[in-house]
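Here is how the chains run, residue by residue.
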Amino acid sequence: MKGNGLERGNFHSGEIQDRALYMTSDLEFSYGMFGSSLERVRFLEFQNDCLKATIQVLRESARLSHKDISNAQKAAAVDILRPKYHLKDLLIHFKLSKSSYFVARHTSLRDDDQAELRALVKVIFHRSNDSYGYRRIQTALREEEGITVSEKVIRRIMCEEHLVAKRKRTRRCGIC
């Protein structure tokens, strides 16, 4: 039996997709696609909530245009709205695949796991007057802190934090 539009999410997953086909732009739509004014109100509430979540995410990241929003930011907006709407409807609205959503969620959770290591790498790097590369940082972590970490992890952290070691400048003598 088809729902009346009042249950969680207000729409069945396919209904949002069907309605998206009739949309002429993000906010304009054909009034003929709704059976009742109640369905129209529910759909407009859904769009309004999606836009509010997008604005909240954009304010947090200081990006100015909704066109520049990344998959991680879309996933954050979906997480905000997920208790109220079905995941499938939200993914269709934000034009985000299900796999991209879960990858973005997993990546954002992974960054929290390495916050301590990230801080240690930054401290060791700045303590060396910005001269240590990933090999010497790996050695310092192992000897001073007793932490064994892969060189790839250290290189990734250094790249993400824009930590580039200063190179020793070779000096030429005046005769050569």
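So, how was this worked out
Counting starts from 1 at the beginning of each chain's written sequence and moves along it residue by residue. Two thresholds apply to this predicted model, a pLDDT of at least 70 for residue-level local features and 80 or more for giving and counting side-chain atom pairs, whereas whole-chain, interface and lining totals are computed over all residues. Water and hydrogen atoms were dropped before computing side-chain values, which therefore reflect all heavy atoms in the structure. Runs of H or I in DSSP of at least four residues are treated as helices and runs of E of at least two as strands, each being numbered from the N terminus. Burial classification: accessible surface area is computed with a 1.4 Å probe over protein chains only, and a residue below 20% of its type maximum counts as buried, one above 50% as exposed, and the rest as partly exposed. Here, two residues are considered to be in contact whenever any of their heavy atoms come within 4.5 Å of each other. The directions considered for the arc run from the helix axis to the C-beta atoms. Salt bridges are identified by distance alone: a Lys or Arg side-chain nitrogen within 4 Å of an Asp or Glu carboxyl oxygen. Side-chain rings of Phe, Tyr and Trp (the six-membered ring for Trp) are treated as a pair once their centres are within 6.5 Å; stacked means planes under 30 degrees apart, edge-to-face means over 60, and tilted covers the remaining angles. Either the NZ atom of lysine or the CZ atom of arginine qualifies as a charge over a ring when it sits within 6 Å of the ring centre and within 35 degrees of the ring normal. Orientation is described by axes fitted as lines to C-alpha atoms, over the contacting stretch for helices, and by angles from 0 to 180 degrees between their N-to-C directions. Any angle that is under 35 degrees is reported as roughly parallel, and any over 145 degrees as roughly antiparallel; angles of 65 to 115 degrees are reported as roughly perpendicular and all others as oblique. The classification used treats Ala, Val, Leu, Ile, Met, Phe, Trp, Tyr, Cys and Pro as nonpolar, Asp, Glu, Lys and Arg as charged, and all other residues, Gly among them, as polar. To qualify as a nonpolar core, a set must consist of buried Ala, Val, Leu, Ile, Met, Phe, Trp, Tyr and Cys residues joined through side-chain atoms within 4.5 Å.

Enquirer: Let's hear about the overall build of the protein chain: which residues, and what values?
Expert: Looking only at helices and strands, the protein chain features eight helices and zero strands. Along the protein chain, from the amino end to the carboxyl end, the secondary structure elements read α-α-α-α-α-α-α-α. Across the 176 residues of the protein chain, 30% fall into the buried class. A separation threshold of at least 6 residues defines the contact pool for the protein chain, and within that pool the share at least 24 residues apart is 54%.

Enquirer: How would you explain helix α8 (residues 151-160) if you had to name every residue and give the values?
Expert: Those residues of α8 lying buried are Val153, Ile154, Ile157 and Met158. Down the axis of α8, the buried set is contained in an arc of 130 degrees. They therefore lie on one face. Along α8, the residues that are exposed and aim more than 90 degrees away from the buried face are Lys152 and Cys159. Where α8 is buried, its residues contact α6 (115-127) and α7 (134-145).

Enquirer: Lay out the pattern of salt bridges in plain terms, naming residues and giving numbers.
Expert: Applying the stated criterion to the full structure yields nine salt bridges. Between Arg127 and Glu144 there is a salt bridge, with the nearest N and O atoms lying 2.6 Å from each other. Placement of Arg127 in helix α6 and of Glu144 in helix α7 is noted, with a sequence separation of 17 residues between them. One salt-bridge network, in which partners are shared between bridges, spans Arg118, Lys122, Arg156, Glu160 and Glu161.

Enquirer: A description of the packing of aromatic side chains should follow, citing residues and the corresponding values.
Expert: For the structure on display, the rule yields two aromatic pairs. Each ring, one from Phe46 and one from Tyr85, has its centre 4.8 Å from the other, and the planes form 80 degrees; the classification is edge-to-face. Of this pair, Phe46 sits in helix α2 (residues 37-61) while Tyr85 is found in the loop between α3 (71-81) and α4 (87-93), placing the two residues 39 residues apart along the sequence. When sorted by exposure, Phe46 lands in the same class as Tyr85, which is buried. On the basis of an interplanar angle of 70 degrees and a centroid distance of 4.9 Å, the ring pair of Tyr101 and Phe102 is categorised as edge-to-face. Its end group placed over the ring of Tyr134, Arg155 keeps NZ or CZ at 5.2 Å from the ring centre.

Enquirer: Describe the packing of α6 against α8, naming the residues involved and giving the relevant values.
Expert: Interaxial distance between α6 and α8 falls to 10 Å at its minimum, and their mutual angle equals 75 degrees. In terms of their interaxial angle, α6 and α8 are classed as roughly perpendicular. Along its contact with α6, which presents Leu117, Arg118, Val121 and Phe125, the element α8 presents Val153, Arg156, Ile157, Met158 and Glu160. Considered class by class, the residues forming the contact of α6 with α8 number six nonpolar, no polar and three charged.

Enquirer: Mind laying out the nonpolar core, listing which residues take part and the relevant values?
Expert: Cys50, Val78, Leu81, Leu90, Leu91, Phe94 and Tyr101 are the most contacted members of the largest nonpolar core, which totals 18 residues. Counting residues per element, the ones that place at least two in this core are α2, α3, α4 and α5 (98-113). Within the second largest apolar cluster, 14 residues are counted, among which are Ile124, Tyr134, Ile137 and Val153.

Enquirer: Describe the environment of Tyr101, with residues and values.
Expert: Tracing the sequence through the fold places Tyr101 in helix α5. For the pair Tyr101 and Gln73, spaced 28 residues apart in sequence, the C-alpha to C-alpha distance is 9.8 Å. Each residue touching Tyr101, except ones within four places of it in the same chain, is listed here: Ala75, Val78, Asp79, Arg82, Leu87, Leu91 and Leu96.

Enquirer: How would you sum up the packing of α6 against α7? Please name residues and give values.
Expert: Axis separation between α6 and α7 bottoms out at 10 Å; the angle between their running directions is 105 degrees. Viewed along their axes, α6 and α7 adopt a mutual orientation that is roughly perpendicular. Residues Leu117, Leu120, Val121, Ile124, Phe125 and Arg127 of α6 touch α7, and the partners they reach there are Ile137, Ala140, Leu141, Glu144 and Glu145. Of the residues assigned to the contact of α6 with α7, the class counts are eight nonpolar, no polar and three charged.

In short, shape yes, function no, at least from these values alone.
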